[in-house]
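# Reading the structure
Read off the chains here:
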Amino acid sequence: MPIPDDIIICRCEEVTAGEVREAVRAGCNSLAAIRRYTRAGMGLCQGRTCTLLLRQVLSEEKDDAGEIEPPRPRPPIRALSMESLKPLE
């Protein structure tokens with residue numbers, strides 16, 4: 001059963017299944033391309049919570065969904081406090 005378009009796939013970047021489908025129809029044929037187009041999987045979790053759902057939507061939309069390569073791993077990021085960005089005096 002397909003995931004409804006209004007369901008949020010990536011909670012970090014608030015990307016819906018409909019936006020992912022739009023990206024695939026626009027020519028994104030890999031998880032890496034979908035990440036660049038929608039920013040899904042680029043939030044704080046780095047795709048740990050949404051990659052399986054992205055893969056599912058991609059395989060539903062793609063005609064030749066044989067082998068879907070996983071995106072390249074990226075090291076986690078750390079949030080900066082506003083205090084650390086304050087100019088030195």
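A few points on the structure. No experiment lies behind these values; they were computed from the predicted model shown.

Cut-offs and rules
Residues numbered from 1 in each chain as written. Predicted model: local features only at pLDDT ≥ 70, side-chain atom pairs only at ≥ 80, totals over all residues. Heavy atoms only, no water. Buried < 20%, exposed > 50% of the residue type's maximum accessible area, 1.4 Å probe, protein only. Helix = DSSP H or I, 4+ residues; strand = E, 2+ residues; numbered from the N terminus. Contact = heavy atoms within 4.5 Å. Patch = residues over 30% accessible without salt bridge, like charges linked within 9 Å, V, L, I, M, F, W, Y side chains within 5 Å. Areas by Shrake-Rupley, 256 points an atom, 1.4 Å probe, with all protein chains shown as cover. Salt bridge = Lys/Arg side-chain N within 4 Å of Asp/Glu carboxyl O. Core = buried A, V, L, I, M, F, W, Y, C linked by side-chain atoms within 4.5 Å. Disulfide = S-S within 2.5 Å. Arc of directions from axis to C-beta. Polar contact = N/O pair within 3.5 Å; in protein donor to acceptor, adjacent residues only side chain to side chain.

### Digging into helix α1 (residues 17–25)
Of the residues making up α1, those classed as buried are Ala-17, Gly-18, Val-20, Arg-21, Ala-23 and Val-24. On its buried face, α1 is in contact with β1 (8–10), β2 (15–16), α2 (31–38) and α3 (51–61). Phi for Gly-27, located one or two positions after α1, is positive at around 115°.

### So, a nonpolar patch on the surface
Together, Leu-80, Met-82 and Leu-85 make up an exposed nonpolar region whose accessible area comes to about 390 Å². Mapping Leu-85 onto the fold places it in the segment after α3.

### Side note on the nonpolar core
Core analysis: the biggest nonpolar cluster contains 18 residues, and Ile-9, Val-20, Ile-34, Leu-54, Val-57 and Leu-58 have the highest contact counts within it. Among the elements of the structure, β1, α1, α2 and α3 are those that each provide at least two residues to this core. With four residues, the top contributor of residues to this core is α1. Setting aside chain neighbours within four positions, we find Leu-54 in contact with Ile-9, Val-20, Leu-31, Ile-34 and Ala-40.

### Focus: the state of the cysteines
Summed over the entire model, instances satisfying the criterion amount to zero disulfides. Of all cysteine sulfurs in the structure, the one in Cys-45 sits closest to Cys-12, which takes part in no disulfide; the separation is 3.7 Å. With a relative accessible area of 37%, Cys-12 lands in the partly exposed category.

### A closer look at α3
Within α3, burial applies to Thr-51, Leu-54, Val-57 and Leu-58. The arc that holds the buried residues of α3, viewed along the axis, is 125°, so those residues lie on one side. Buried residues belonging to α3 abut β1, α1 and α2.

### A few points about the side chain of Thr-38
In this fold, Thr-38 is placed in helix α2. Taking relative accessible area as the criterion, Thr-38 reaches 14% and is therefore assigned buried. Here Ile-34 takes part through its backbone oxygen, which lies 2.8 Å from a polar atom of the side chain of Thr-38. Of note is the side chain of Thr-38, whose polar atom sits 3.1 Å from the backbone nitrogen of Ala-40. With sequence-adjacent residues up to four places away left out, Thr-38 is seen in contact with Val-15, Glu-19 and Ala-23.

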